[in-house]
Amino acid sequence: MFKMIQLIAYREYQENVKTKGFWVTILIFPVIFIGMYFLQTALSNATPTRYYLLIDQSGQYEEAVNIAIEREHQRRILQDFVSYLLENRTDMDLDLTAANTSSSVDQLIDDVDADEVAALDEWLDSGGLNFALTMASPYLEDDAPPYEQPDPQFIEADLPRSVELNVSPEEIINQLRPYLVGDRLITANGETGNLFALVLIPENVNQDISRPGTTPVAPDSTAGVQYWARNLTDSRLPDAISASINAEIREREYNQLGVNSDTIRNVQRTRLPLNQLDPSAEAGEEAVSMADSFRQFAPIAFVYLMFVSLMQNVQYLLSNTIEEKSNRIIEVLLASVTADELMMGKLVGIGLAGLTTIAVWLLSFYIFIVSYDSNQTELISEILEVVLSSELIPWFVFYYFAGYALYSGVFLAIGSLCSTLKEAQALIMPMILIQIVPIAMMAFVVLDPNNAIVRALSWFPLFTPYLMLNRAAADPPMIDVVGTTILLVASILLVLWGSGKVFKLGVLRTGQPPKILELFRLVRAKH
Amino acid sequence: MQESVLSLTNVGKNYGDFKAVDDVSISIPKGSIYGLLGPNGAGKTTTIRMILEIIKPSRGDISILGHPSALDVRNRIGYLPEEKGLYKKMKVWAIIQYFAMLKGMKKQEAKDRAWELLEKYGLKDFAEAKVEALSKGMGQKVQVLSAVAHNPELVILDEPFSGLDPVNQTVLEDLINDLSNNGQTVIFSTHVMQHAERLCDHILLIAKGKKIFDGTISEAKATIPRRVILETNDSIDALRSIAGVNNIEPFDTDNNEVSANQWQVQIAEQVNPQVVLKTCFEKSINLNRFEFNEPSLHDVFVHLVGEEAKAAEFR
């Protein structure tokens, strides 16, 4: 009996694993994943330099805006430099917490993490990039590449000579409209390009300042600062301008009220750190590290992995069964082995193919991480390490096999009743849709794993593998674990028993799949 | 009595009210080639499936190789189903090996056997090809080989000749004879009588699920009266007195016209038709025609199930 199952399983495994389609399906997942990673990096680096024009008829804010845009540029350098540091410094340790920072590099990284505005002030005060490079150099790895700062994203363009400025805002806009809509190109630093935005500050803009108690300005009016641009989605420039002008206005208000603005800023930078602690950890280890947070989210990765892998297996199970059925190979097989042996062999063989998929995925991610070493991939490798060393592994293995046995039992029975893949696909649709429920819930379940609704749904056997795996990291109540497991195992036995019967009858059937009622009669009939 | 490898006792199968097989009893001697004949829809495939216990009979007992169920002796049986099919993506030698291993052969042994068979039956050049690259007929030969690779004591072939060209039909006939010479018992179903006539020791004729005839080929032929056709203008009364001449009547030609000078002389099984000829010379009966043909199995088939087969087609 066992030998036959082994033989059938081996053939099924080989048949799937040896096909090109199998490897294409397997490899497309990491390729897309890795491709997305590079694409995202490429996209964020490829944002073109944008040229803007600032016309300040009031003569009060131009300096503040220019400072703000330079500040935004410095902020990007700071961010970029921090990730450069994380990538290239020695003694990488992601288990860092705010409590045990040691060097000034750690301090810088931590400051950026905690309060970017303050860190940026600090950065500018201390001399920006040049100072940071000097400070960081002892901590960098010997083979670290030299730091390249990012290009500025916003550059002020030269005002076209023909534009007359001593006219009303409307007329200025009319003069510049061909540039704004892209009919004419503008020059800046000797290069030409499209004018991205025009910031127009009317002469008497201060009349439009709103204070507590004044009537708010209608949003569609041209009151206040005018920001003209065709691109409505990139909000960095308008945000920077709005923030800088408001900061300037507030500074003046402080002065009028006789308040020292430095004092205010210092007060605003006062902070008390909040450390997340885990009561279930051992003394001295309570501080919640990044790894701990990953651990909480690891079930999502497992649930998703299980879903993708199960869906793939099911396709093979269906198509192989239907091939045997339509070829009538099944008859030869049944003259050699029992229907139960055949079914078990198929389940085991295709299950192994599914495990191969998972192994290849993990391996390809591992290779990617090893061969492409960067800050983000360190993060992925950290996640991978957490996932692989997680106490969830046994849970995953158990629920993977349980979910596989449960779902594939049903799918195999369906496959045995259909003569074509088309017929089968119509019948398996409800089974696929039902899995959407726990998949759609998975992010929510991680946040609140022992919610009453989640607990109740966990008792539905088709959801149990997904939901209980999803909840496994949060120590679900013992009654849930034991109860759902018993129910799950019982339903697996029931499903396999029923599918065995349906399979036996179904594989020799020809023609249309039976109606539900007929199916019940088939299963109950004695043969 | 010869040792029986397979016996069916009042075996029947119902699908609802429809009796697919109606109380068939047979006994198949060891080492024989046994033909299962019958028109389309007669119940041949159902009978074979019951013998193999792919489906369970509704009633009756089966004894196969001394066991009540084919499942107990699966590895001693080889089976080729009516509708042929193989795994398309597998190599020819590997599929024969696989089926042989399912029948309990060791891996290497099965592989050697596969190559041996492919060489013997002219398929060696295709051994490394994938099944999907084979023609239908070649695929069928491969499937026959995979059914017999494990040297089964009992080989059951359902319509093995259908779809084969005449050359390959001969190859298959040789293969079946080889098996029989090797002491293996072969049961095959067909509706082409020539194969059965050339190959079989015994035949079972069924129609509408009922056993019509079971016995040797010569016994089958005996069910049709042997007859001599004469054409003469003389009186044939003298022939009536020959021992073994059962009946003389005007000969029915094909277009159902009774001609006055043609006669049909029915003779008993043991009688040599030469006796009739000799009597004609002695009694000076001038013959324009003397015709004696052994009935073919085809005649037997048409004679026994002709009307029923026609009726079945128009049902």
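Just so it is clear, the model here is predicted, and its values are computed rather than measured.

Asker: Would you mind showing me how to read the confidence of the model for chain A here?
Answerer: A low pLDDT means the predicted coordinates there should not be read in detail. Residue and element names in this part refer to chain A. When pLDDT is averaged along chain A, the result is 79; 83% of the residues meet or exceed 70. By mean pLDDT, the top-scoring element of chain A is helix H16 (residues 452–458) (90), and the lowest-scoring one is helix H13 (residues 375–389) (66). In this model, residues 92–101 is a region of pLDDT below 50 whose contacts with residues beyond four sequence positions or in other chains number 16 contacts.

Asker: Explain the pairing of strand S9 (residues 210–216) of chain B here, please?
Answerer: Across a regular strand the side chains alternate sides, sitting on one face of the sheet and then on the other. Residues and elements named next belong to chain B. Here strand S8 (residues 202–207) pairs with S9 via six bridges, running antiparallel. Residue pairing for S9: Leu205 is matched across the bridge by Phe213. As consecutive antiparallel partners, S8 and S9 are separated by two residues, and within that stretch Lys208 has a phi angle of approximately 50 degrees, a positive value.

Asker: Just checking my understanding: could you explain the nonpolar core for this structure?
Answerer: Proteins that are soluble and globular tend to have nonpolar side chains buried together. Formed by 153 residues in total, the largest nonpolar core has its most connected members in B:Ile64 and B:Phe99. Look past the residues within four positions of B:Phe99 in its chain and what remains in contact with it is A:Ile329, A:Val332, A:Leu333, B:Leu86, B:Tyr87 and B:Ser146. Among the nonpolar cores identified, the runner-up in size contains 18 residues, and A:Ile77, A:Val82, A:Ala119 and A:Trp123 belong to it.

Asker: When you look at the interface of chain B and chain A in this model, what are you seeing that I'm missing?
Answerer: Accessible area lost during the coming together of the parts is what is often quoted as the interface size. The partner chain A presents 22 residues to the 22 residues of chain B that form the contact. Note on chain B versus chain A: buried area summed over both sides is about 2300 Å², and carbon and sulfur give 60% of it. Broken down residue by residue, the surface that chain B buries against chain A is led by B:Arg74, B:Tyr87 and B:Leu102, which jointly contribute 28%. The interface formed by chain B and chain A contains two salt bridges. Residue A:Glu331 pairs with B:Arg49 through a salt bridge whose shortest N-O separation is 2.8 Å. Counting residues per element, the side of chain B that touches chain A draws most heavily on helix H2 (residues 92–102) of chain B, which supplies four residues.

Asker: Can you help me understand the packing of aromatic side chains in this one?
Answerer: By convention here, two paired aromatic rings are described through the distance between centres and the angle between planes. As enumerated under the stated definition, the model contains 15 aromatic pairs over all chains in all. Judged by centre distance (5.7 Å) and plane angle (40 degrees), the ring pair of A:Phe396 and A:Tyr400 falls under tilted. Of this pair, A:Phe396 and A:Tyr400 both sit in helix H14 (residues 393–417), four residues apart, which is roughly one turn of that helix. A:Tyr400 shares its class with A:Phe396; the two are buried. An aromatic cluster is present here, built from A:Phe302, A:Phe396, A:Tyr400 and A:Phe401 joined pairwise through their rings. It is A:Arg11 that lies over the ring of B:Tyr98; its NZ or CZ is 5.5 Å from the centre. A cation over a ring is seen here: B:Lys111 above B:Trp93, with NZ or CZ 4.8 Å from the ring centre.

Thresholds, definitions, all that
Residues numbered from 1 in each chain as written. Chains lettered and ligands numbered in written order. Predicted model: local features only at pLDDT ≥ 70, side-chain atom pairs only at ≥ 80, totals over all residues. Heavy atoms only, no water. pLDDT = per-residue confidence, 0-100. Helix = DSSP H or I, 4+ residues; strand = E, 2+ residues; numbered from the N terminus. Contact = heavy atoms within 4.5 Å. Pairing = 2+ DSSP bridges. Core = buried A, V, L, I, M, F, W, Y, C linked by side-chain atoms within 4.5 Å. Buried < 20%, exposed > 50% of the residue type's maximum accessible area, 1.4 Å probe, protein only. Buried area = accessible area lost by both parts, 1.4 Å probe. Salt bridge = Lys/Arg side-chain N within 4 Å of Asp/Glu carboxyl O. Phe/Tyr/Trp six-rings, centres within 6.5 Å; stacked < 30°, edge-to-face > 60°. Lys NZ or Arg CZ within 6 Å of the ring centre and 35° of its normal.

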